[in-house]
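# Structural overview for review
The lines below spell out each chain.
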Amino acid sequence: MKEKFLRELADIQTGPFGSQLHKEDYVADGTPIVTVEHLGNKMFSEQNLPRVSNTDKNRLKKYVLKQGDIVFSRVGSVDRCSYVDQKHDGWMFSGRCLRVRPTSEIDSEYLYYYFCLEETKQFVRNIAVGATMPSINTKLLGEVVVTFPELEQQKRISGILSAIDSKIEVNQKINDNLEQQAAALFSSLYNRSNTEVRYTDLIQILGGGTPKTGETAYWNGNIAFFTPKDVGTPYTFITEKTITEEGLSHCNSRLYPVNTVFVTARGTVGKVGLSGV
C-alpha cells in the first residue's frame, strides 16, 4: 500500500467566486451548476438546479466538470461529496464547492469511496475551520492522506462497490414507485374524510440541533444522530453519524422516540422519514 497527500494525487479547485458569477446570471435553459444542496449519495440531486448560459460557461470553463471529478462541500457539511459520472460530464460547480480531479495514478471511483470512509470524513471534519459554519479550502483538503494499492487493485475495489451502489439505486427506484402508490392510496382515503382539526392540535413541531463538530468528545457514541442524508423509506435504523451522551447534553435537540416524524428543513427541504430507533 502507498500513502500520499491528496494534493499529490489530484488537482483541487475552488468554485467561481461571487464576483465571477451572480444569481442574476442564471438562466432558465442552460448548463446546470451544482452547489452544496445538490451533493447526494454518490450522484447529484437534480432538483432546483441553477443554470448558466453558454456564454458564461465558456467564460468560466475552468469550472466545468469532467467525468471522474469529485465535488466536495466547501462549507457546512464539509465531509459531503459526489462523483461526476458520464451523465453529468460538462456540468459546472458553484463557489460553495471544491472540485477534485484525480491524476492517472489513482482511480477516481476508488478515491471517491476512500472519502466515504468514516475515518476520512472525520479527518475532514476535524481540519475544517470555523465554529459556527465549518469550511475547508484547497490547502486543507490537500492535507488529507490517501492510502491506496496498485491501480489494478483500486479498480477491482471500486468496481465491486460501484456495482453495489447501482443495485441500491435500482432498489431505491422500486421503493420510490411503491411510495407513490401508497401516497395515491392515502390520498383517495383522505378525500373521504370529513373531519378537520388544526394541525397543531395533533402534533408538536420541534427543532433539531448539532453539537460542536470540532469537539471529539461529542461524536462517535451510541446515540443515532439524524441528518437529511439519513432519510429512510420510510424508517431510518442506522445513521451516518452518532453522538455521545455528552454530545447530547451539549445539543439543542432532545432525544426523540421511535416513530418520530422528521421533516428536512435545510438543503433538500421537505423530505420525510420516521425514526426506527
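The structure under discussion appears in the preceding block.
The notes below deal with the structure included here. (Residues numbered from 1 in each chain as written. Predicted model: local features only at pLDDT ≥ 70, side-chain atom pairs only at ≥ 80, totals over all residues. Heavy atoms only, no water.)

### Here's the deal with the sheet that holds strand β7 (residues 92-93)
- Ordered by their spatial adjacency, 3 strands build an open sheet running β4-β3-β7, and the pairing between neighbours is mixed. Either end of the sheet is taken by a strand with one partner, and the two such strands are β4 (51-52) and β7.
- Of the strand pairs in this sheet, strand β3 (residues 31-34) and β7 are connected by 2 bridges, and their pairing is parallel. Pairing of Val-34 across the sheet is with Phe-93, part of β7. (Pairing = 2+ DSSP bridges. Helix = DSSP H or I, 4+ residues; strand = E, 2+ residues; numbered from the N terminus.)

### Focus on the layout of surface pockets
- Of the pockets and cavities examined, the second largest pocket occupies roughly 400 Å³.
- Together, 21 residues line the second largest pocket, and Tyr-26, Thr-35, Glu-37, His-38 and Pro-50 are the ones closest to its centre.
- Tallied by class, residues from the lining of the second largest pocket come to 7 nonpolar, 11 polar and 3 charged. (1 Å grid on protein atoms, 1.4 Å probe; cavity = no way out; pocket = protein on both sides within 12 Å on 5 of 7 lines; lining within 4 Å. Points joined across faces, edges and corners; volume = space filled by probe spheres on them. Nonpolar A, V, L, I, M, F, W, Y, C, P; charged D, E, K, R; others polar.)

### With respect to the pairing of strand β5 (residues 70-73)
- Of the two faces of β5, the one carrying Ile-70 and Phe-72 and the one carrying Val-71 and Ser-73 are both buried.
- As defined by bridge partners, β5 adjoins strand β6 (residues 81-83) across 3 bridges and the pair is classed as antiparallel. Residue Val-71 lies in a different strand from β6, and its bridge partner there is Ser-82.
- Two strands pair when backbone bridges link them, and β5 and strand β8 (residues 97-102) are joined in this way by 4 bridges, in the antiparallel orientation. Counterpart to Phe-72 in the pairing with β8 is Leu-98. (Buried < 20%, exposed > 50% of the residue type's maximum accessible area, 1.4 Å probe, protein only.)

### Examining the nonpolar core
- Counting 26 residues, the largest nonpolar core has Leu-6, Val-100, Phe-115 and Leu-141 as the members making the most contacts within it.
- Among the elements that take part in this core, helix α3 (residues 108-114) stands out by supplying 5 residues, more than any other.
- The residues touching Leu-141, leaving out its near neighbours within four places in the chain, are Leu-6, Ile-12, Phe-72, Leu-98, Val-100, Phe-115, Val-124, Ile-127 and Ile-136.
- Counting 19 residues, the second largest nonpolar core, distinct from the first, contains Val-34, Trp-91, Met-92 and Phe-93. (Core = buried A, V, L, I, M, F, W, Y, C linked by side-chain atoms within 4.5 Å. Contact = heavy atoms within 4.5 Å.)

### Re the pattern of salt bridges
- Applying the stated rule across the entire model yields 15 salt bridges.
- Between Asp-11 and Arg-99 there is a salt bridge, and its shortest N-O distance comes to 2.7 Å. Pair noted here: Asp-11 is in strand β2 (residues 10-14) and Arg-99 is in strand β8, with a separation of 88 residues, a long-range link.
- Residue class for Asp-11 comes out partly exposed when judged on its relative accessible area of 41%.
- Residue class for Arg-99 comes out buried when judged on its relative accessible area of 3%. (Salt bridge = Lys/Arg side-chain N within 4 Å of Asp/Glu carboxyl O.)

### Digging into empty space enclosed by the protein
- If you walk through the whole model with that rule in mind, you get 1 cavity of 30 Å³ or more.
- The computed volume of the largest cavity comes to approximately 30 Å³.
- In this structure, the largest cavity is lined by Glu-118, Gln-122, Arg-125, Trp-219, Asn-220, Glu-240, Lys-241 and Thr-242.
- The dominant element in the lining of the largest cavity, judged by the number of residues it contributes, is helix α4 (residues 118-127), at 3 residues.
- A per-class count over the lining of the largest cavity returns 1 nonpolar, 3 polar and 4 charged.

### Some details on unusual backbone geometry
- Residue Lys-42 is not a glycine yet carries a positive backbone phi of 75 degrees.
- With respect to the helices, strands and loops of the structure, Lys-42 is situated in the loop between β3 and β4.
- By relative accessible area, Lys-42 is classed as buried at 5%.
- We note that Asn-48 has phi near 55 degrees; this positive angle belongs to a residue other than glycine.
- Within the fold, Asn-48 resides in the loop between β3 and β4.

### Observations regarding the state of the cysteines
- Taken as a whole, this structure holds 0 disulfides when the rule is applied.
- The cysteine Cys-116 is free of any disulfide, with Cys-81 supplying the nearest cysteine sulfur at 5.1 Å. (Disulfide = S-S within 2.5 Å.)

### Comments concerning the environment of Lys-229
- Relative to the elements of secondary structure, Lys-229 occurs in the loop between β10 (219-225) and β11 (235-236).
- The exposure class of Lys-229 is partly exposed, given its relative accessible area of 28%.
- Measuring from C-alpha to C-alpha, the distance between Lys-229 and Gly-142 comes to 25 Å, with 87 residues separating the pair along the chain.
- The contact partners of Lys-229, leaving out residues within four places of it in the chain, are Asn-41, Arg-80, Lys-121 and Glu-240.
- For Lys-229, the side chain forms a polar contact with the side chain of Glu-240, separated by 3.4 Å. (Polar contact = N/O pair within 3.5 Å; in protein donor to acceptor, adjacent residues only side chain to side chain.)

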